Amino acid sequence: MDSYSSSFFSSVLRPKLLTSLAVIPHKSTKPTSFSVSSVRIEEKPAVNQDPKTPTTTTSTPTRTVSQPQPKPQPRTQSSYLPKKRAEPTIPTIILNACDDIINNFIDPPLKYSVDPRHVLSDNFAPVDELPPTECEVVQGSLPSCLDGAYIRNGPNPQYLPRGPYHLFDGDGMLHSIKISRGRATLCSRYVRTYKYTIENEAGSPILPNVFSGFNGLTASAARGALSAARLLAGQFNPVNGIGLANTNLAFFGNRLYALGESDLPYAIRLTPNGDIETIGRHDFDGKLAMSMTAHPKLDSDTGEAFAFRYGPVPPFLTYFRFDANGKKQPNVPIFSMTRPSFLHDFAITKKYAVFVDIQIGMNPMEMIFGGGSPVGADPAKVCRIGIIPRYATDESQMRWFEVPGFNIIHAINAWDEDDGNAVVMVAPNILSVEHTLDRTDLVHALVEKVRIDLRTGIVTRRPMSARNLDFGVINPAYMAKKSRYVYAAVGDPMPKISGVVKLDVSKGDERRDCIVATRIFGPGCYGGEPFFVARDPENPETEEDDGYVVSYVHDENTGESKFLVMDAKSPRLDIVAAVKLPRRVPYGFHGLFVRQADLDKLL
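Criteria and cut-off values
- In this convention, every chain numbers its residues from 1, walking through the sequence in written order.
- In keeping with the predicted nature of the model, local features appear solely for residues at pLDDT of at least 70, side-chain atom pairs appear and are counted solely at 80 or more, and the whole-chain, interface and lining totals rest on all residues.
- In computing side-chain values, all of the structure's heavy atoms are included and hydrogens and water are not.
- We count a stretch as a helix when DSSP gives it H or I for four or more residues in a row; a strand needs E for two or more, and each element gets its number in order from the N terminus.
- Note on areas: Shrake-Rupley, 1.4 Å probe, and residue coverage restricted to the protein chains presented here.
- Strands are labelled as partners when DSSP assigns at least two bridges between them.
- Convention adopted: a line fitted to C-alpha atoms gives each axis, helices being fitted over their contacting stretch, and angles between N-to-C directions are expressed from 0 to 180 degrees.
- The definition of a nonpolar core used throughout is a set of buried Ala, Val, Leu, Ile, Met, Phe, Trp, Tyr and Cys residues joined through side-chain atoms within 4.5 Å.
- Burial status follows relative accessibility: with a 1.4 Å probe on protein chains alone, a residue under 20% of its type maximum counts as buried, one over 50% as exposed, and anything between as partly exposed.
- Every residue pair with non-hydrogen atoms within 4.5 Å of one another is taken to be in contact.
- Roughly parallel here means an angle under 35 degrees, roughly antiparallel means over 145, roughly perpendicular means 65 to 115, and every remaining angle is called oblique.
- Residue classes follow a fixed rule: Ala, Val, Leu, Ile, Met, Phe, Trp, Tyr, Cys and Pro count as nonpolar, while Asp, Glu, Lys and Arg count as charged, and any other residue, Gly among them, counts as polar.
- In the sections that follow, a salt bridge refers to a side-chain nitrogen of Lys or Arg positioned within 4 Å of a carboxyl oxygen of Asp or Glu.
- Pairs of N or O atoms are called polar contacts if they sit within 3.5 Å, as long as, within protein, a hydrogen donor faces a hydrogen acceptor (for residues adjacent in sequence, only side-chain-to-side-chain pairs).
- A cavity here means a set of points on a 1 Å grid, drawn over the protein atoms and nothing else, where a 1.4 Å probe fits but cannot get out; a pocket is an open set with protein on both sides within 12 Å along at least five of seven lines, and a residue lines either one if it has an atom within 4 Å of a point.
- Grid points are joined across faces, edges and corners, and a volume is the space filled by probe spheres set on the points.
- Helices are assigned an expected span. That span is 1.5 Å times one less than the residue count.
- The aromatic pairing rule takes the rings of Phe, Tyr and Trp, using the six-membered ring of Trp, and pairs them if the centres are within 6.5 Å, calling planes under 30 degrees apart stacked, those over 60 edge-to-face and the rest tilted.
- Here, a charge over a ring is recorded when the distance from Lys NZ or Arg CZ to the ring centre is within 6 Å and its angle to the ring normal is within 35 degrees.

Next up on the list: the overall build of the protein. What the protein contains, in helices and strands, is seven helices and 37 strands. Element-wise, carbon and sulfur atoms account for 54% of the exposed surface of the protein, whose accessible area totals about 24600 Å².

Spatial strand order, S14-S15-S16-S17: four strands in an open sheet with antiparallel pairing. Sheet topology places strand S14 (297-298) and strand S17 (332-334) at the edges, where each strand pairs with a single neighbour. The sheet contact formed by S14 and strand S15 (residues 305-310) spans two bridges and is antiparallel. By the bridge assignment, leucine 298 is partnered in S15 with alanine 305.

The next thing to look at is the sheet that holds strand S12 (residues 266-270). Strand order in the open sheet formed by four strands is S10-S11-S12-S13, with antiparallel pairing between adjacent strands. In this open sheet, the two edge strands, each paired with only one partner strand, are strand S10 (248-252) and strand S13 (276-281). Going across the sheet, the axis of each strand differs from the next one's by a mean of 35°, ignoring polarity. Note that S12 and S13 share five bridges and pair antiparallel. From the neighbouring strand, tyrosine 266 faces S13, where its bridge partner is arginine 281.

So, on to the nonpolar core. Core analysis: the biggest nonpolar cluster contains 57 residues, and Phe355, Ile385, Ile387, Phe406 and Met425 have the highest contact counts within it. In terms of residue count, strand S19 (residues 352-357) provides more of this core than any other element does, five residues in total. Those residues within four positions of phenylalanine 355 in sequence are excluded, and the remaining contacts are Phe308, Leu317, Tyr319, Leu343, Phe346, Arg384, Ile385, Gly386, Ile388, Met398 and Trp400. By size, the runner-up hydrophobic cluster in this structure holds 46 residues, among which are Cys135, Ile242, Ala245 and Phe251.

Moving on: the packing of helix H2 (residues 90-106) against helix H5 (residues 217-232). H5 packs onto H2 with a crossing angle of 170° between their chain directions and a minimal axis gap of 10 Å. By the angle between their axes, H2 is roughly antiparallel relative to H5. Residue-level contacts link Leu95, Asn96, Cys98, Asp99, Ile102, Asn103 and Ile106 of H2 to Thr218, Ala222, Arg223, Leu226, Ala229 and Arg230 of H5. Residues that form the contact of H2 with H5 fall into these classes: seven nonpolar, three polar and three charged.

Turning next to the pattern of salt bridges. All chains considered together, the criterion is met by 40 salt bridges. For lysine 381, the salt bridge goes to aspartate 357, with nearest N and O atoms at 2.7 Å. Here lysine 381 is found in the loop between strand S21 (375-377) and strand S22 (384-389), whereas its partner aspartate 357 is found in strand S19, with 24 residues between them in sequence. According to the relative accessible area criterion, aspartate 357 is buried, its value standing at 3%. For the salt bridge of aspartate 545 with lysine 569, the shortest nitrogen-to-oxygen distance reads 3.2 Å. Taken together, the positions of aspartate 545 in the loop between strand S33 (531-534) and strand S34 (547-555) and lysine 569 in the loop between strand S35 (560-567) and strand S36 (575-580) put the pair 24 residues apart, joining distant regions of the chain.

On to the side chain of histidine 166, then. On the secondary structure map, histidine 166 appears in the loop between strand S7 (148-155) and strand S8 (172-180). Taking relative accessible area as the criterion, histidine 166 reaches 6% and is therefore assigned buried. A polar contact is formed between the side chain of histidine 166 and the backbone oxygen of leucine 437, at a distance of 2.5 Å. Beyond its immediate sequence surroundings of up to four residues, histidine 166 is in contact with Ser113, Val119, Phe211, Ser212 and Leu437.

All of the buried residues along helix H4 (residues 194-202) are Tyr194, Lys195, Tyr196, Ile198, Glu199 and Asn200. Against the buried residues of H4 lie strand S9 (183-190) and S12. Directly beyond the C-terminal end of H4, a positive phi value near 80° is found at glycine 203.

Attention now goes to empty space enclosed by the protein. If you add up the space inside the largest cavity, you get close to 330 Å³. Around the largest cavity, the lining is made up of 26 residues, and of these Asp99, Pro205, Leu207, Pro208 and Asn209 lie nearest the centre. Residue assignment for the lining of the largest cavity shows that the elements contributing at least two residues are H2, H4 and H5.

All right, on to H5 then. In a regular helix each residue adds 1.5 Å, so 16 residues correspond to 22 Å; H5 covers 22 Å between its end C-alpha atoms and thus fits that length. Downstream of H5 by one or two residues, glycine 234 has phi in the positive range, about 80°.

The tally for this structure, following the rule as stated, stands at 21 aromatic pairs. Between the aromatic rings of phenylalanine 252 and tyrosine 257, the centroid separation amounts to 5.1 Å while the plane-to-plane angle is 40°, which identifies the pairing as tilted. Between the aromatic rings of phenylalanine 306 and tyrosine 391, the centroid separation amounts to 6.1 Å while the plane-to-plane angle is 65°, which identifies the pairing as edge-to-face. With phenylalanine 306 in strand S15 and tyrosine 391 in the loop between S22 and strand S23 (399-402), the pair connects residues that are 85 residues apart, well separated along the chain. Under the relative-accessibility criterion, phenylalanine 306 is labelled buried at 0%. The cationic tip of arginine 384 hangs over the ring face of tryptophan 400; the distance from NZ or CZ to the ring centre is 4.0 Å. A cation over a ring is seen here: lysine 502 above tyrosine 485, with NZ or CZ 4.4 Å from the ring centre.

Following this line, the structure appears as structure tokens:
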């Protein structure tokens, strides 16, 4: 799943590796005092490492990672030298004690979905930062077209949770594998968000976990009061943002952004040696306020980017775009969305922007009377697809079409047909939507192709496969254009991903399963979202599937992680290269490949 760092709250307020938590395995649902008294995370040493090799240590409070001593380099911001933390003040000590009382007695992590002993088990557990470290190609060779960096975002809590913790609550960490001339370098760095920075300096958490900290009226009141006290004590300023930047990345306007939908984007860059630097929170010259989707859509033909934000107060949806230079254009508020809805993703065509108003939205009664999350599913709500001209200046031409039971979290692609009189959308439809945010292991995502006839209003739906598929991607050059192939992750169950399949959506009209290629990683091996990299993106005559599918994959049997490169045209998605990583990469969310030519353009 995605981080889904919820915009609803932004307006109001480490595997089978050697991990030891001084806690008893959680089996009972009886209230217990949750306490983590010690944490030790030891990464397996590199094979055949010379014991005489000098090492350096990356400092973080409780975990260490060692690697060969790099050659001396001039100090830059990317060195991330540790800062001396200030001694905690009396108000800080008191407020932290109140936080412990809430987490241990008022709202302990009793539910499966927010118990950190479950959520952070296996390869979901966090890791330390890793400076640029050379990797070993252990199978095949890296294709010459992979000249650049594959960067993937995901949650990696800076501190072990004191209480309830949801998978979506972790601080954003970027895992970048920079490839040049067949050699690869891995680097892992936190996004230096405002939240990460103030908590790093304080030496403890300050802001509450948004997705797990407000389940029930009592918990919400207690944590809300504590947050207000921290605000008055000057521990944080919400004006600076409370987002995690843990969901996705996007490159447009010659800038690279780390994204989370509860905050503004954070501009980042890669140094020549492969390190990752956070430039800062970016508001586009003051024109972007509050937040932005973590799934903007890029039209490779025009260089434009299209985006939106959603929230708990009207307008519940606001659509906007960026020109080819990255300049934000005026907002288009959508008041015809009459109630807050969980809009995590959307789609564009050459003529339209396409939104899906799903059954997940604000659910205050469940929070008050059921002790649940303020965000939940409404089974009585009828899903709708909204279509608006992509260059609209107002919502006057917005049209809504009822599509019962069509609950999407991610959109794969959309395009125009019949001279613009029809729109086709491909997306995974989430079955059992009520489990989307708390029991992703019970969720089944069915990829569908939906066609909306704009003249008659008739909506036609066809399933592409019966398998549990999500995190679908296409050749980026086909965004907003009719595309044939989709590469999707196989849930086993979600959020663990056991393989990748290739879908030929043109077969959907024949009412047959559209899977034409499959790669299963093997027993105990799980990966992440696939990403397609074209072999020759500058050649307009190249075939749509002429390229490679890349992903990080972790072997829970050995504790090792690899970067896999698969032939997108082959019937089994054959592995053409495998890179052994110097340490494990946790499971995460979304990523992208940025070519060196684009990295060189970064502002």
